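These are the residues of each chain, in order.
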Amino acid sequence: MQNSRFAIAVHTLALMANYEDKPLKSEFISCFVKTNPVVIRRLLPELAKANLVETQPGASGGSRLKRQPEEITLWEIYQAVETNAAFGVHRPSLEEECTVSRNIEGVLINIQNRVDKAVWQVLRGILLAEVLQMLKEENGGAINDEKCREYQK
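Residues numbered from 1 in each chain as written. Predicted model: local features only at pLDDT ≥ 70, side-chain atom pairs only at ≥ 80, totals over all residues. Heavy atoms only, no water.

Chemist: Any chance you could explain the pairing of strand S2 (residues 62-65) here in plain terms?
Modeler: Within a regular strand, the side chains alternate between the two sheet faces. Sheet analysis places strand S1 (residues 53-56) next to S2, joined by four bridges and oriented antiparallel. Following the sheet pairing, Val53 is matched in S2 by Leu65. Between S1 and S2, which pair antiparallel one after the other, the connecting turn spans five residues, and Gly58 there sits at a positive phi close to 105°. (Pairing = 2+ DSSP bridges. Helix = DSSP H or I, 4+ residues; strand = E, 2+ residues; numbered from the N terminus.)

Listed below in structure tokens is the structure:
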């Protein structure tokens with residue numbers, strides 16, 4: 001099963017950036033992210049702990065970005081919501097007579113470290129602001145958020 005927490009977090013923060021200082025409720029975010037509001041509510045504390053969002057409780061509350069999109073890297077978002085390496089390594093039985101079983105764990109850990117470093121290098125170089133720019137380019141130069149704004153009313 002593929003983990004989508006990072007993608008949901010980026011989508012959530014992109015929505016917040018598009019609404020600038022207006023607090024968004026988890027129900028609103030979840031409609032556009034196409035997930036249950038509980039998924040959003042579970043991600044928000046992790047994003048807040050990473051100093052990416054702030055949340056106000058109550059009827060007029062909601063969550064919004066704590067920093068500007070130009071100040072948030074995708075690596076920060078990834079670190080906030082992902083806890084595992086790119087893939088897990090199992091512990092095989094240590095059959096002394098089997099060279100593969102005896103050495104596979106160390107080899108896979110080495111590969112895992114290289115993959116994790118590559119992810120870090122790519123994501124630290126991409127800002128949330130760049131994601132917004134890519135969204136604009138995909139939409140012909142502007143983010144058409146009329147549907148979003150209608151829903152928010």
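After that view, the rundown keeps rolling.
Chemist: Even after reading the chapter, I still don't get the packing of aromatic side chains, so can you show me in this structure?
Modeler: In this description, a pair of aromatic rings is defined by centroid distance and the angle of the planes. By the definition in use, this model includes four aromatic pairs. Through a chain of ring-to-ring contacts, three or more aromatic side chains come together here, namely Phe6, Trp75 and Tyr78. When the ring centre of Trp120 is taken as reference, the NZ or CZ atom of Arg124 above it lies at 4.2 Å. (Phe/Tyr/Trp six-rings, centres within 6.5 Å; stacked < 30°, edge-to-face > 60°. Lys NZ or Arg CZ within 6 Å of the ring centre and 35° of its normal.)

Chemist: Would you explain the environment of Met16 in this entry?
Modeler: Tracing the chain through its elements places Met16 in helix H1 (residues 5-18). Counting along the chain gives 47 residues from Met16 to Ser63, while the straight-line C-alpha distance between them is 7.8 Å. Excluding residues within four positions of it along the chain, Met16 makes contact with Leu24, Ile29, Leu44, Val53, Ser63, Arg64 and Leu65. (Contact = heavy atoms within 4.5 Å.)

Chemist: Help me understand unusual backbone geometry in this model?
Modeler: For residues other than glycine, phi is negative in most cases, and the peptide bonds are mostly trans. At Lys34, a residue that is not glycine, the phi angle is positive and equals roughly 60°. Position of Lys34 relative to the elements: it lies in the loop between helix H2 (26-33) and helix H3 (37-49). One non-glycine residue, Asn51, adopts positive backbone phi at about 65°. For Asn51, the position within the fold is in the loop between H3 and S1.

Chemist: Would you mind showing me how to read the nonpolar core here?
Modeler: One recurring pattern in soluble globular proteins: nonpolar side chains tend to sit buried together. In terms of nonpolar packing, the biggest core is built from 32 residues, with Leu13, Leu47 and Ile77 touching the most fellow members. Elements represented by at least two residues in this core include exactly H1, H2, H3, helix H4 (74-81) and helix H6 (128-138). Among the elements that take part in this core, H1 stands out by supplying nine residues, more than any other. When sequence neighbours within four positions are dropped, the list of residues in contact with Leu47 reads Ala9, Leu13, Leu52, Val53, Ile77, Ala80 and Val81. (Core = buried A, V, L, I, M, F, W, Y, C linked by side-chain atoms within 4.5 Å. Buried < 20%, exposed > 50% of the residue type's maximum accessible area, 1.4 Å probe, protein only.)

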